Amino acid sequence: MKLIMAIIKPFKLDDVREALTPLGVQGLTVSEVKGFGRQKGQTEIYRGAEYHVSFLPKVKIEVVVPDDLAESVVEAISKSAHTGKIGDGKIFVVDIERAVRIRTGELDVEAL
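Residues numbered from 1 in each chain as written. Predicted model: local features only at pLDDT ≥ 70, side-chain atom pairs only at ≥ 80, totals over all residues. Heavy atoms only, no water.

(A) Fine view of the overall build of the chain. For the chain, the count of helices and strands is 2 helices and 6 strands. From first element to last, N terminus to C terminus, the chain shows the α and β order β-α-β-β-β-β-α-β. When the 112 residues of the chain are sorted by exposure, 29% land in the buried category. Considering only residue pairs separated by 6 or more positions, the chain has 70% of its internal contacts joining residues 24 or more positions apart. Counting every atom, the chain has about 7,700 Å² of accessible surface; 52% of that belongs to carbon and sulfur. (Helix = DSSP H or I, 4+ residues; strand = E, 2+ residues; numbered from the N terminus. Buried < 20%, exposed > 50% of the residue type's maximum accessible area, 1.4 Å probe, protein only. Contact = heavy atoms within 4.5 Å. Areas by Shrake-Rupley, 256 points an atom, 1.4 Å probe, with all protein chains shown as cover.)

As structure tokens, then:
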């Protein structure tokens, strides 16, 4: 099993969710986060005064999938979150050793 974490622009969340549903992804976790990458934040003007915003709002998506589905999920996220502009985000893939569904006690892939 693989944990796929994607940090994306907030307005791309619906596009990503719609791209994952046909692949058989049955659930995902979404968190509102703030951060910066190479863009190092941005400068904005408010009431005529310029100020620097260090941390930009992003959305973090976490989904655990079977090994054979991981590559297609990464590709779907990458295509649906892409704008071609700086700050599109990142995708991380991590091995998952065990998963347990608390209600039923199902393990690993059955717990997903």
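Continuing now.
(B) Geometry of the layout of surface pockets. Considered as a void within the structure, the largest pocket measures approximately 330 Å³ in volume. Around the largest pocket, the lining is made up of 19 residues, and of these Q26, G27, V64, A111 and L112 lie nearest the centre. Broken down by element, the residue count for the lining of the largest pocket peaks at 4 residues, all from strand β5 (residues 56-65). Looking at the lining of the largest pocket residue by residue, the classes come out as 13 nonpolar, 4 polar and 2 charged. (1 Å grid on protein atoms, 1.4 Å probe; cavity = no way out; pocket = protein on both sides within 12 Å on 5 of 7 lines; lining within 4 Å. Points joined across faces, edges and corners; volume = space filled by probe spheres on them. Nonpolar A, V, L, I, M, F, W, Y, C, P; charged D, E, K, R; others polar.)

(C) Just the sheet that holds strand β1 (residues 2-8), in detail. Strand order in the open sheet made by the 4 strands is β2-β5-β1-β6, with antiparallel pairing throughout. Only two strands of the sheet have a single partner each, and these edge strands are β2 (29-35) and β6 (89-95). When strand polarity is set aside, the average angle formed by the axes of neighbouring strands in this sheet is 20 degrees. Across 7 bridges, the pairing between β1 and β5 is antiparallel. In the strand pairing of β5, I4 is matched with V63. Running over the sheet, helix α1 (residues 13-20) touches β1, β2 and β5 and is turned about 10 degrees from β5. Of the strands in this sheet, β1, β5 and β6 are in contact with helix α2 (residues 67-81), which crosses β1 at around 5 degrees. (Pairing = 2+ DSSP bridges. Axes fitted to C-alpha atoms, helices over the stretch in contact; angles between N-to-C directions.)

(D) Representation of the nonpolar core within the structure. Counting 17 residues, the largest nonpolar core has I4, I8, V16, L20, V65, V73 and I77 as its most contacted members. Tallying contributions element by element places α2 first for this core, with 7 residues. Leaving out residues up to four positions away in the same chain, V73 has contacts with I4, L20, L23, V25, V63 and V65. (Core = buried A, V, L, I, M, F, W, Y, C linked by side-chain atoms within 4.5 Å.)

(E) Region of interest: the packing of α1 against α2. Axis separation between α1 and α2 bottoms out at 9 Å; the angle between their running directions is 145 degrees. The hand of the α1/α2 crossing is right-handed. Residue-level contacts link D15, V16, A19 and L20 of α1 to V73, A76, I77, S80 and A81 of α2. When the residues that make up the contact of α1 with α2 are grouped by side-chain class, the tally is 7 nonpolar, 1 polar and 1 charged. (Left-handed = near helix turned anticlockwise from the far one by under 90°.)

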